Amino acid sequence: MKLAEALQERADLNRQIQQLRCRMLNNAVVQEGEAPAEDPAQLTEELESCLKRLEYLTTAINLTNCAVCQEGQSLTELIAKKDCLKLKISVYREFLSEASNLARRVSRTEIKVFSAVDVRALQKQTDVLAKELRLLDNRIQQINWSENLMENSGQNS
């Protein structure tokens, strides 16, 4: 199994677990003399199976991310860099939005508001970071589709 396939399956399992949670809650109590729409024991069994598979995949994905290296960096390091770049870009974009919002005056007698930063320069810097993020994400995706998932020793698939 390719790493990307495992990542997709993990995402599917997370969605399925959330759906099971809702279904379990919907069938937690019933009126006297009534039966639940779904058997809570069967839902619990399905949940346990999903959680076991999720644990296996998460371990295998993490082991693979640590073991796979490209250009001297592990996949874990590349993912951490990607996550921090996304956060940085998000903060800069929010900051730029505030710094660009100068139309707060209603009349000429009100206090003038100016941007505390060079918005144009910071926007260009943010655009460079966004391009770096896209390239890094492409690189990670390429690795995900080229690397096989490491098998867990000691756990069943």
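Up top you'll find the structure we're talking about.
Definitions and cut-offs
- Residues numbered from 1 in each chain as written.
- Predicted model: local features only at pLDDT ≥ 70, side-chain atom pairs only at ≥ 80, totals over all residues.
- Heavy atoms only, no water.
- Helix = DSSP H or I, 4+ residues; strand = E, 2+ residues; numbered from the N terminus.
- Rg over C-alpha atoms; globule rule 2.2 N^0.38 Å.
- Buried < 20%, exposed > 50% of the residue type's maximum accessible area, 1.4 Å probe, protein only.
- Areas by Shrake-Rupley, 256 points an atom, 1.4 Å probe, with all protein chains shown as cover.
- Lys, Arg positive; Asp, Glu negative; His and termini not counted.
- Charge placed at Lys NZ, Arg CZ, Asp CG, Glu CD.
- Axes fitted to C-alpha atoms, helices over the stretch in contact; angles between N-to-C directions.
- Parallel < 35°, antiparallel > 145°, perpendicular 65-115°, else oblique.
- Left-handed = near helix turned anticlockwise from the far one by under 90°.
- Nonpolar A, V, L, I, M, F, W, Y, C, P; charged D, E, K, R; others polar.
- Contact = heavy atoms within 4.5 Å.

Undergrad: Even after reading the chapter, I still don't get the overall build of the protein, so can you show me in this structure?
TA: When helices and strands are tallied, the protein shows four helices and two strands. By the compact-globule yardstick of 15 Å for 157 residues, the protein is too spread out, its C-alpha radius of gyration being 24 Å. Expressed as lengths along the three principal axes of its C-alpha atoms, the size of the protein is roughly 75 × 55 × 20 Å. The buried share of the protein, reckoned over its 157 residues, is 24%. With an accessible surface of roughly 11,100 Å², the protein has 51% of that area assigned to carbon and sulfur atoms. Measuring between centres, the 21 positive side-chain charges of the protein sit 15 Å from its 23 negative side-chain charges.

Undergrad: Help me out: how do you make sense of the packing of helix α3 (residues 75-100) against helix α4 (residues 119-146) in this one?
TA: A packed helix pair is summarised by two numbers, namely the angle formed by the two axes and the spacing between the axes. In contact at an axis separation of 9 Å, α3 and α4 are set at 155 degrees when each is read in the N-to-C sense. Taken together, α3 and α4 sit at an angle that is classed as roughly antiparallel. Handedness of the crossing formed by α3 with α4: left-handed. Grouping the amino acids of the contact of α3 with α4 by side-chain chemistry returns 17 nonpolar, five polar and eight charged.

Undergrad: I'm lost on the side chain of Asn65 in this one. Help?
TA: Examined against the element boundaries, Asn65 turns out to sit in helix α2 (residues 40-67). Those residues within four positions of Asn65 in sequence are excluded, and the remaining contacts are Leu3, Ser74, Leu75, Thr76 and Ile79.

Undergrad: How should the side chain of Lys82 be read in this particular structure?
TA: By the secondary structure assignment, Lys82 is in helix α3. Setting aside its immediate chain neighbours within four residues, Lys82 contacts Leu133, Leu136, Asp137 and Ile140.

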